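# Commentary on secondary and tertiary structure
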Amino acid sequence: MSKIKPSFKLSNVTLAMMTSGLIAYSGALYAQEDNQKEVAEQVENIEVPEKMEVIEVTGFRRSLIQSINQKRFADTVTEQLSADDLGSLPDVSMADALTRLPGISAVRTGGQAAEINIRGMSGGFVSTTLNGREQVSTGGKRSVEFDQYPSELISKAAVYKSPKVSLIEGGVAGTVELTTASPLSNEKDHSFSINARGMYNDLAADVPDATSTGHRFSVSYQGKFADETLGVALGYARLFQPSATAQFVGLNYSKLRDVDNLDNDTNGPTKDNGVNINKEYISEGFEIQHKGGEETRDGFMATLEWQPTDNFKLKTDGFYSKFTSEEFARGFRVKFEGDQAAISNPVLHENSVIGGNISRTTNSATRIEIVNDDNSDVDEVQSFGINADWQITERLNMNMDLSYSSANSEFQNGLIWALVAQDANADVPKLDSNVSINYLLNGLDLPDIGLNQAGAFTDLNKVMVSKYGIYPYVNSDEVSAVRVDFTYELDNDYITSIEVGARYSEREYSNDRSVFEYGSDSSLSSLEAPLRITEDMATIVNWSGNFSNFPSYLALDQDKILKAWFPDGRPNPVQTWGDKASGVINGAAIGKTSDWTMKESGQVYEDVLSIYVMANINTEIAGIPVTGNFGVRMVETTQASTSLQDVGLSTKKDQYGQDIKDAQGNPIEFANAELGAQFITDEVGLINQRYFSTVISNTYRDYLPQINLNFQLSESDQIRFAAAKVMSRPNIERLASNSSYNINVVNTDGGSYAKISGQAKNSPHLKPFYANQYDISYEKYFTETDGKFVAAVFYKDIESAGIITQTITEYDFAGNGFAVPEVYTDPLSGIPLEVRNGDFETAFNDEAGGYIRGIELGYTQIFSFLPELWSGLGFDASYSHTESEIQQISQLGQQNLAISLPGLSENVLQTTLFWEYQGFETRLSVRYRDEFVSEQVAVEAQTVNYDGETVLDYQASYQVNDNLGLVFQVNNLTDEPTKSYFGETAQTGTLQYFGRQFFLGLTYSL
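Definitions and limits used
- Residues numbered from 1 in each chain as written.
- Predicted model: local features only at pLDDT ≥ 70, side-chain atom pairs only at ≥ 80, totals over all residues.
- Heavy atoms only, no water.
- Helix = DSSP H or I, 4+ residues; strand = E, 2+ residues; numbered from the N terminus.
- Buried < 20%, exposed > 50% of the residue type's maximum accessible area, 1.4 Å probe, protein only.
- Contact = heavy atoms within 4.5 Å.
- Areas by Shrake-Rupley, 256 points an atom, 1.4 Å probe, with all protein chains shown as cover.
- Pairing = 2+ DSSP bridges.
- Salt bridge = Lys/Arg side-chain N within 4 Å of Asp/Glu carboxyl O.
- 1 Å grid on protein atoms, 1.4 Å probe; cavity = no way out; pocket = protein on both sides within 12 Å on 5 of 7 lines; lining within 4 Å.
- Points joined across faces, edges and corners; volume = space filled by probe spheres on them.
- Nonpolar A, V, L, I, M, F, W, Y, C, P; charged D, E, K, R; others polar.
- Phe/Tyr/Trp six-rings, centres within 6.5 Å; stacked < 30°, edge-to-face > 60°.
- Lys NZ or Arg CZ within 6 Å of the ring centre and 35° of its normal.
- Arc of directions from axis to C-beta.
- Patch = residues over 30% accessible without salt bridge, like charges linked within 9 Å, V, L, I, M, F, W, Y side chains within 5 Å.

### Quick word on the overall build of the chain
What the chain contains, in helices and strands, is seven helices and 53 strands. Residues classed as buried in the chain amount to 56% of the 1006 residues present. A separation threshold of at least 6 residues defines the contact pool for the chain, and within that pool the share at least 24 residues apart is 74%. Carbon and sulfur atoms make up 50% of the accessible area of the chain, which amounts to about 40,800 Å² in all.

### Description of the side chain of Ser105
Position of Ser105 among the secondary structure elements: in strand E2 (residues 104-109). Look past the residues within four positions of Ser105 in its chain and what remains in contact with it is Thr99, Glu115, Ile116, Asn117, Val908 and Arg929.

### Examining the sheet that holds strand E6 (residues 156-160)
Pairing in this open sheet of five strands is mixed, and the strands run E1-E6-E7-E4-E5 from one edge to the other. With partners counted over all chains shown, the strands left at the sheet margins are strand E1 (78-82) and strand E5 (133-134), one partner each. By the bridge criterion, five bridges tie E1 to E6 in an arrangement that is antiparallel. Looking at E6, one finds that Ser82 is bridged to Lys156.

### A closer look at the pattern of salt bridges
A complete count under the given rule lists 39 salt bridges for this structure. Among the ionic pairs, Arg330 bridges to Asp209, the shortest N-O distance being 2.8 Å. Here Arg330, found in strand E14 (residues 312-335), pairs with Asp209, found in the loop between strand E8 (190-201) and strand E9 (213-225); they are 121 residues apart in sequence, far enough to count as distant. Glu337 is paired through a salt bridge with Arg367; the nearest N and O atoms lie 3.4 Å apart. Of the two residues, Glu337 sits in the loop between E14 and strand E15 (342-349) while Arg367 sits in strand E17 (residues 367-391), which places them 30 residues apart along the sequence. In this structure Arg367 comes out as buried when scored by relative accessible area, which is 7%. The structure contains a network of salt bridges with shared partners spanning Lys255, Glu287, Arg333, Glu337, Arg367, Glu369 and Asp521.

### As for the environment of Gln307
With respect to the helices, strands and loops of the structure, Gln307 is situated in strand E13 (residues 285-309). Sequence-wise, Gln307 and Thr229 are 78 residues apart; in three dimensions their C-alpha atoms are separated by 4.8 Å. Excluding residues that lie within four positions of it along the chain, Gln307 makes contacts with Leu184, Thr229, Phe312 and Lys313.

### A word on the side chain of Ser777
Counting through the fold element by element, Ser777 comes out in strand E36 (residues 769-781). Setting aside chain neighbours within four positions, we find Ser777 in contact with Gln718, Ile719, Arg720, Ala791 and Ala792.

### Brief notes about empty space enclosed by the protein
Which parts of space are left empty comes out when a probe the size of a water molecule is rolled across the atoms. Counted by the stated rule, this structure contains 19 cavities of 30 Å³ or more. Approximately 230 Å³ is the volume found for the second largest cavity. Lining of the second largest cavity is provided by 21 residues; of these, Leu64, Ser67, Gln80, Leu101 and Asp876 occupy positions nearest its centre. Of all the elements in the fold, those that place two or more residues in the lining of the second largest cavity are helix H4 (59-72), E1, strand E41 (850-862), strand E42 (873-884) and strand E45 (907-917). For the lining of the second largest cavity, the element with the highest residue contribution is H4, accounting for six residues. Residue composition of the lining of the second largest cavity, by class: eight nonpolar, eight polar and five charged.

### A word on unusual backbone geometry
The phi torsion at Asn261 lies on the positive side, around 50°, for a residue other than glycine. Topologically, Asn261 is positioned in the loop between strand E11 (255-257) and strand E12 (280-282). Note on Asn261: relative accessible area 59%, which makes it exposed. Of note in the backbone geometry, Asn264 takes a positive phi value of approximately 55° without being a glycine. Mapped onto the fold, Asn264 is located in the loop between E11 and E12.

### Overview of the packing of aromatic side chains
Tallying each qualifying case throughout the model produces 34 aromatic pairs. Seen in terms of ring centroids, Phe411 and Tyr473 are 5.9 Å apart; in terms of plane orientation they differ by 50°. Their pairing is tilted. Residue Phe411 is found in strand E18 (residues 396-420), and its partner Tyr473 is found in strand E21 (residues 463-489); the two are separated by 62 residues along the sequence. Aromatic rings pair up to connect Tyr468, Phe516, Tyr518, Trp565 and Phe566 into one cluster. Above the face of the Tyr473 ring, Arg513 is positioned so that its terminal group lies 3.6 Å from the ring centre.

### What about the pairing of strand E28 (residues 624-646)?
Burial within E28 is extensive, with 17 of its 23 residues counted as buried. By the bridge criterion, 18 bridges tie strand E27 (residues 602-621) to E28 in an arrangement that is antiparallel. Its bridge partner lying in E28, Thr619 is registered against Val626. Linking two consecutive strands that pair antiparallel, namely E27 and E28, is a turn of two residues; a positive phi of about 55° is found at Ala622 within it. Note: E28 against strand E32 (residues 687-712), 21 bridges, orientation antiparallel. Looking across to E32, one finds that Gly628 is bridged to Leu709.

### What to know about helix H6 (residues 558-565)
Turning to H6, its buried residues number three or more, namely Gln558, Ile561, Leu562 and Trp565. Along the axis of H6, the buried residues cluster in a sector spanning 90°; they form a single face. Turned more than 90 degrees away from the buried face of H6, the exposed residues are Asp559 and Lys563. Buried residues in H6 make contact with E17, E18, E21, strand E23 (516-519), strand E24 (531-532) and strand E26 (553-556).

### A word on the pairing of strand E34 (residues 740-748)
A regular strand places its side chains on the two faces of the sheet in alternate fashion. Pairing of E34 with strand E35 (residues 751-760) involves nine bridges; the strand directions are antiparallel. Note on E35: the bridge partner recorded for Asn742 is Ser757. With antiparallel pairing between neighbouring strands as the criterion, E34 and E35 make up a hairpin whose turn holds two residues.

### Brief notes about a nonpolar patch on the surface
Together, Phe920, Tyr958, Val960, Leu966, Leu1002, Tyr1004 and Leu1006 line one region of the surface with nonpolar side chains, adding up to about 580 Å² of accessible area. Structurally, Leu1002 can be placed in strand E53 (residues 997-1005). Overall, the relative accessible area of 34% leaves Leu1002 in the partly exposed class.

### Considering the environment of Ser212
Positionally, Ser212 belongs in the loop between E8 and E9. Assessed through its relative accessible area of 25%, Ser212 is described here as partly exposed. Between the alpha carbons of Ser212 and Ala244 there is a distance of 8.2 Å; along the sequence they are 32 residues apart. Leaving out residues up to four positions away in the same chain, Ser212 has contacts with Met199, Tyr200, Asn201, Ala204 and Pro242.

See the structure below:
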């Protein structure tokens, strides 16, 4: 047997795993990190005794053993997923797959896992790479949408909980590394796989017009040519799935009203200096809706590898995914307008109204809207790269990587509102203002409601379409990067190699908003007349199941509605100031204001230069083999954003200092030219004179030291220790600048001066979130059978975990990119005045840091020592407990609620029980997480508390022969809903039911 160099003895079981390809297979994951090459080289030099029996394992058990060994031989604290072959991961997306790992949970959107949380931190703190390259998001976030990544096209996934300086910075919670196929590392010269499954959603029958059936299909090929010097991998995956949801959505508590009329009542809001201390919080209302739709995802993967010599490899790869969603939401929305409505018999929970009777008054707009939303979303993700690896000398290696990643999203939110009229056939229809609402929230159960207009909701002689609105969001995000890494091998008993490298990236994010609105959602407009509904435009919808007590409503055909309402063609949304926006000089006398479409549109630029140096360790301390690495990463970031700055308007004054007015009695206004005001024209030709366009930038530098140490106590036991300073940048959309400022003349006894003040809810001056983190874990790998036990403790000292609005006094406006004048001319006196800095209210990194700490336990056991019938029985489980002292404030309208760190569930449990025998495999997976904080989308985004949930998935498969396999799968076996609330369970948030998904299909491989 050839000699090898590891410091610990390799058991026969380990050798068997190596020779069966399990560890060699895992070595490909670390090929991009040069210090891992020694493991692969050692594997190649191992000679197996001729009499050693190598047991071949397949399916889920094989994938699990691969993952165990990848974790075992990694040089960081990491969790691993490995596919037996392309297309063999059973999960719909990588979000589902990753939730099978310890300490990782998912937020379900529409019943599907989309965003993942790691160790109690939300997706914004998670960095994601594909083949070692930074990935961008379709939604202006740092977290990628994992449902964009078909599991069939991903061969491996790793979650780095402790980083090393050679990894791209950006993950306080952790880094997710996705890897596509490396054909030259494939065991077979040629492999081919087809996966086809039909799908059925059992809730679709309860949602009118919802599609109930769908399908999944994937095909992949890997091949080696020219004496294994050329490798090709190709993959295509398609998903067409129905979505169906029945939901109740409570709206936030944004209104105030004294409804209990108690003397000396002091439970009300204090954030307004106690002005409303005697008032109670009232919700905006609620929605009850059917949602349905179809989602289509097409994914492509291609890799070409060329290794003409042993010391040089060139690899180019590409990934493309297009995700299209067509969704409708139908039902009704109840708007209380509780600060003006008549309220009787209120039911209070502490200081919030959770029930009572609410009626419309002449001063209120209390109403019940029949809503018919049609939303479409087209998301595209692309990632391309070329990598050259050159072993220049026996000791020196160079790796160079060029990459490009982009994400584009076009989301259109089309809304049709209908209201109840007194008589829809009248020449001039009038609104039925007799609106009375009885309701009582029931916490995390559906509420009791009574609506006096319920009988009219399906009456074509009553219901009229009152408003149409369409609100597109168009996002684009792209990053280009170049990276160079060098590794120099040393010959000593302490440091095996030194790595140095540099990376430079340029990222650009753009957001474009536009709008079209016609009519009114609170009345029947006389200027933009409502539409009478005919029988061919509407269908009566009845509720069923848990929602059967709610009133029926009309589902409207949007195409027919719009064709009748706009016979000259459906209007297109535009980016515009709106005729009545302040500063517009050529608007119509009758019009609307939509200047937010201009203010919220813009670009963000982010340039990053990073340099690192790292030493790889292989030594002994007190006879204990120690491996690992230590180093430091320097990161310099320049971030900038376009800014449409509001400098206000000046008015003409008379000799008494009063505004001079025009014939209509309006003050005569003109541009503040001395403040840089420009004439800015929108898409429809409206010109605004109160803004100017500029770019604001900010540069900062960080140093991130890191260390990873692995102590090999025995061939099966090891202890890991890691410490690092880590960072996560704010969501890139928060770096946009939508600032405004104004200048006021201040008169004092010592004279007059001009004082600048301003505000911005986002800012390019936001800094990253930082943390110092520590990990220690004990890992035991079973030698007599396959399995492991892992116990880990982690601690993160978070410097800042959120963004707040903060006022800075004597803010340096000029020094922070604002084009302010050095001298300001008093418009009244005409005298030049000194300009002084005043207050600036802006988004700011909060100082509410603190710890996040927790424990993680993992146990895997394959009972291969049992009699043959039960030798394929196995169990994989993990549990994590996470706690934090960090408290944040969620500003829900008038109500401030103390919330935990978004994404943090104190307890997360994942377990899978499986059994394999003679080609048959069955497994049951259970994922549990207790309550956590995240975002729900109602009329607008709302931060809420989510109740705990338990999701069960089941799969059974049978391998008919070496090539053909059959599979049956059920996701969300118990139809687990998602439930949320506002701070207290009595204040109901969202109750969503999604149904079960059934899959039946086959796999064929060669």
